[in-house]
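Survey of secondary and tertiary structure
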Amino acid sequence: MSLEQATIVLRAARAVAVLTGAGISADSGLPTFRGARGGLWERFRPESLATPEAFARDPALVWAWYQWRRALAARAQPNPAHFALVTLERAIPAFTLVTQNVDGLHRRAGSERVIALHGELMRDRCSGCGRESAATVAPELADAPRERIDPPRCADCGAPLRPAVVWFGEALPDGAMERAAEAAALAEVLLVVGTSQVVYPAASLVPLARRAGARVIVVNPEQSPGDVDLQLTGRAADLLPPLVHGAFGA
Ligand code: OAD
């Protein structure tokens, strides 16, 4: 599939859904979880860091890891791929951006119709009463991560705070998957950017959209799993700007 063919498909679409994953933020310098060049889950075990059981067992270990990731995300800037999706949103009347990313870069770039399936890194949630608040970031941890940091305690109930992200085994935010599935089912084009498509239920949006008749355009340096009709092989920051600007002008 050439970029030119994908441009033609995108230009004809009146309803577009986008599914993004960690790969779109790789060009902003944030590590992915999996992939050819290694990812976080090669160095860290998800079950030690991204489950409610891990937090119950060793809250300071989990909190320190998320404080490191928050510092990295705070330092990162949206890249041309994030900005191209803002342009796309403004050009398409029926547009939904579904992201598995918790880094907040889509919103910082200016995207508005965002469904954050896996929650938000930059927010805290009380593990006791559920109250949410803005997270505090310690920028120096980006370069000098610590192995353990005790999580702060909730001002209301005294329970430890946790990041407001979805951990393995937890439910997605209320209604998020339903709204994402509706957008995927209505889309004429589903653009799948920088995701390994192995984590469910997010990955199920791809076959769902195809069954409903959407053309699926994948942007990824690696070959996508499953059936894909249009694969653009390369980095999101290189491919999304010419794709979107080719379809809708600058
Ligand atoms: P992964 O880390 O699983 O996959 C990243 C994908 O991005 C891979 O397919 C890479 O080939 C691709 N990639 C790498 N660099 C890229 C670039 N410059 N441009 C485009 N693509 C690039 O990330 P996700 O699919 O987002 O969940 O992972 C899904 C979920 O698994 C995450 O949300 C997280 C993780 O465990 C939770 O924490 C619940």
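To start, this report covers the structure provided alongside it. Along each chain, the written sequence defines residue order, and numbers are assigned to residues from 1. Only residues with pLDDT of 70 or above have their local features reported here, since the model is predicted, and side-chain atom pairs are shown and tallied only from 80 upward, although totals for entire chains, interfaces and linings are computed over all residues. Remark: hydrogens and water are excluded; side-chain values derive from all non-hydrogen atoms of the structure.

Looking at the pairing of strand β2 (residues 94–99)
Successive side chains on a regular strand alternate, one facing one side of the sheet and the next facing the other. For the record, the criterion: Any residue under 20% of the maximum accessible area for its type is buried, any over 50% is exposed, and the rest in between are partly exposed; the area is computed with a 1.4 Å probe on protein chains only. Helix and strand assignments come from DSSP, with helices taken as H or I runs of at least 4 residues and strands as E runs of at least 2, each series counted from the N terminus. In this scheme, strands are said to pair when DSSP sees at least two bridges between them.
With five of six residues buried, β2 is to be regarded as a mostly interior element. Note that strand β1 (residues 15–20) and β2 share six bridges and pair parallel. Each residue of the ladder has a partner; that of valine 18, found in β2, is leucine 97. Pairing analysis gives three bridges linking β2 to strand β3 (residues 114–116), with the strands arranged parallel. Counterpart to leucine 97 in the pairing with β3 is valine 114.

Some remarks on the site of the ligand
The condition that has to hold: Being near a molecule or strand, for a residue, comes down to having at least one heavy atom within 4 Å of it. In protein, a polar contact requires one atom able to donate a hydrogen and another able to accept it; more generally it is a pair of N or O atoms within 3.5 Å, and residues adjacent in sequence count only if both atoms are side-chain atoms. Shrake-Rupley sampling with a 1.4 Å probe provides the accessible areas, and residues are treated as covered by the protein chains on show and by no other component. Basically, the charged four are Asp, Glu, Lys and Arg, the nonpolar ten are Ala, Val, Leu, Ile, Met, Phe, Trp, Tyr, Cys and Pro, and anything else, Gly included, counts as polar.
Contacts to the ligand come from 22 residues, most closely from Phe33, Arg34, Thr195, Ser196 and Asn220. The contact in question runs from an oxygen atom of the ligand to an N or O atom on the backbone of glutamine 100, over 3.2 Å. The separation between an oxygen atom of the ligand and a polar side-chain atom of glutamate 222 is 3.2 Å. When the ligand sits alone it has 800 Å² of accessible area, and the protein chains cover 94% of it. Within the shell around the ligand, the residues separate by chemical class into nine nonpolar, nine polar and four charged.

Describing the pairing of strand β7 (residues 189–193)
The condition is simple: When the strands point away from the viewer and the connection leading from the first strand across the helix to the second strand turns clockwise, the crossover is called right-handed.
Within β7, five of the five residues are buried, which leaves the element mostly enclosed by the surrounding structure. Here β7 shows no split at all, with Val189, Leu191 and Val193 on one side and Leu190 and Val192 on the other all buried. Where β1 meets β7, five bridges bridge the pair, whose relative direction is parallel. Within β7, the residue paired with leucine 19 across the bridge is valine 192. Note: β7 against strand β8 (residues 215–220), five bridges, orientation parallel. When the sheet's bridge partners are listed, valine 192 is paired in β8 with valine 218. Read as a crossover between parallel neighbours, the route from β7 over helix α10 (residues 205–211) to β8 is right-handed.

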